[in-house]
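Read off the chains here:
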Amino acid sequence: YVGGGMNVSFSQENDLLLGSRFNNSTGLLEPYYGTIKQTYASFNTGLGVFITPNGALGARVGYSYRQTKSDADFDPLNPFSSFTYKDHSFYVAPFYRRNLPISERLGAFLDMSCSVGLGSSRNRSDNTEVSKSRSFSLQPTVAPGIYFFLSDRFLVETNLGALYYN
């Protein structure tokens, strides 16, 4: 799997935190009976207000898309020899973020959020629609990360993975 994410943020003298994040990953799984390709992408933007010198409270809005697709020779024993699964959702996530400065420009953070999302999915097999569904999700998340200030107001950050329950 290949993937990654990046967040670019703007901080106004530790009063306001405005940022956007793009995540993307893609990968191939090749079991003995065919190839499965998975693709994931998400984008969110958020706004936070520092309520203490190192603690911000805010909200994010975002969109995520996931697709899993098999090749035409997926399973010769199955009458549905190929499939495609697509899922997309919109979400809102209130968050609390705690910054832990290491130096003047470098630091770590802990981001705690709980997203609420609405989405839909579609399953197709051999170009025939098999099912459609709608979803509601509630996902509490804890995500540690690091940040680096490029200037007095602009910073880049990355999270080091996330612990979540969906």
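Reference entry: report on the structure contained in this document. A quick note: this is a predicted structure, and the numbers were derived from the prediction, not measured.

Once that is clear, we can look at the overall build of the chain. When helices and strands are counted, the chain shows 0 helices and 9 strands. The burial tally for the chain puts 31% of its 166 residues in the buried class. Within the chain, residue pairs in contact and separated by at least 24 positions form 53% of the contacts whose partners lie at least 6 positions apart.

Moving on to the environment of Ser20. Its place among the elements puts Ser20 in strand 2 (residues 16–29). Under the relative-accessibility criterion, Ser20 is labelled partly exposed at 28%. In the structure, Ser20 is positioned 26 residues away from Gly46 in sequence and 6.4 Å away in space, judged by C-alpha atoms.

The final tally for this structure, using the stated rule, is 2 aromatic pairs. Taken together, a centroid distance of 4.9 Å and an interplanar angle of 50° make the contact between Tyr63 and Phe90 tilted. Here the residue Tyr63 occupies a position in strand 4 (residues 55–70), and Phe90 occupies one in strand 5 (residues 83–101), the gap between them amounting to 27 residues. With a centroid separation of 5.8 Å and an interplanar angle of 90°, the aromatic rings of Tyr147 and Phe149 are classed as edge-to-face. Phe149 matches Tyr147 in its accessibility class, with the two residues each being buried. When the ring centre of Phe95 is taken as reference, the NZ or CZ atom of Arg60 above it lies at 4.0 Å. Directly above the ring of Phe109 sits Arg97, whose terminal nitrogen or CZ lies 4.0 Å from the centroid.

This brings us to the side chain of Ser121. Structurally, the position occupied by Ser121 is in strand 6 (residues 106–125). Judged by relative accessible area, Ser121 falls into the buried class, the value being 13%. Each residue touching Ser121, except ones within four places of it in the same chain, is listed here: Tyr85, Lys86, Asp87, Ser131, Lys132 and Ser133.

A cluster of nonpolar side chains, namely Ile102, Leu106, Phe148, Leu150 and Phe154, defines an oily patch on the protein surface of about 490 Å² accessible area. For Leu150, the position within the fold is in the loop between strand 7 (128–149) and strand 8 (154–159).

According to the stated counting rule, one finds 2 salt bridges in the structure shown. Across the pair Arg60 and Asp111 runs a salt bridge, and its minimum N-O distance is 2.4 Å. Taken as a pair, Arg60 in strand 4 and Asp111 in strand 6 lie far apart in primary sequence, 51 residues in all. As far as the burial class goes, Arg60 and Asp111 line up, both buried.

In the sheet, strand 6 pairs with strand 7 via 20 bridges, with the strands oriented antiparallel. Within the sheet, the bridge partner assigned to Leu110 lies in strand 7 and is Pro144. The antiparallel pairing of strand 7 with strand 8 creates a hairpin that spans 4 residues between the two strands.

This next bit is on the pairing of strand 6. Of the strand pairs in this sheet, strand 5 and strand 6 are connected by 17 bridges, and their pairing is antiparallel. Bridge pairing in strand 6 links His88 to Ser120. Adjacent in sequence and paired antiparallel, strand 5 and strand 6 are bridged by 4 residues.

Parameters at a glance
- Residues numbered from 1 in each chain as written.
- Predicted model: local features only at pLDDT ≥ 70, side-chain atom pairs only at ≥ 80, totals over all residues.
- Heavy atoms only, no water.
- Helix = DSSP H or I, 4+ residues; strand = E, 2+ residues; numbered from the N terminus.
- Buried < 20%, exposed > 50% of the residue type's maximum accessible area, 1.4 Å probe, protein only.
- Contact = heavy atoms within 4.5 Å.
- Phe/Tyr/Trp six-rings, centres within 6.5 Å; stacked < 30°, edge-to-face > 60°.
- Lys NZ or Arg CZ within 6 Å of the ring centre and 35° of its normal.
- Patch = residues over 30% accessible without salt bridge, like charges linked within 9 Å, V, L, I, M, F, W, Y side chains within 5 Å.
- Areas by Shrake-Rupley, 256 points an atom, 1.4 Å probe, with all protein chains shown as cover.
- Salt bridge = Lys/Arg side-chain N within 4 Å of Asp/Glu carboxyl O.
- Pairing = 2+ DSSP bridges.

No statement about biological role is implied by the geometric values presented.
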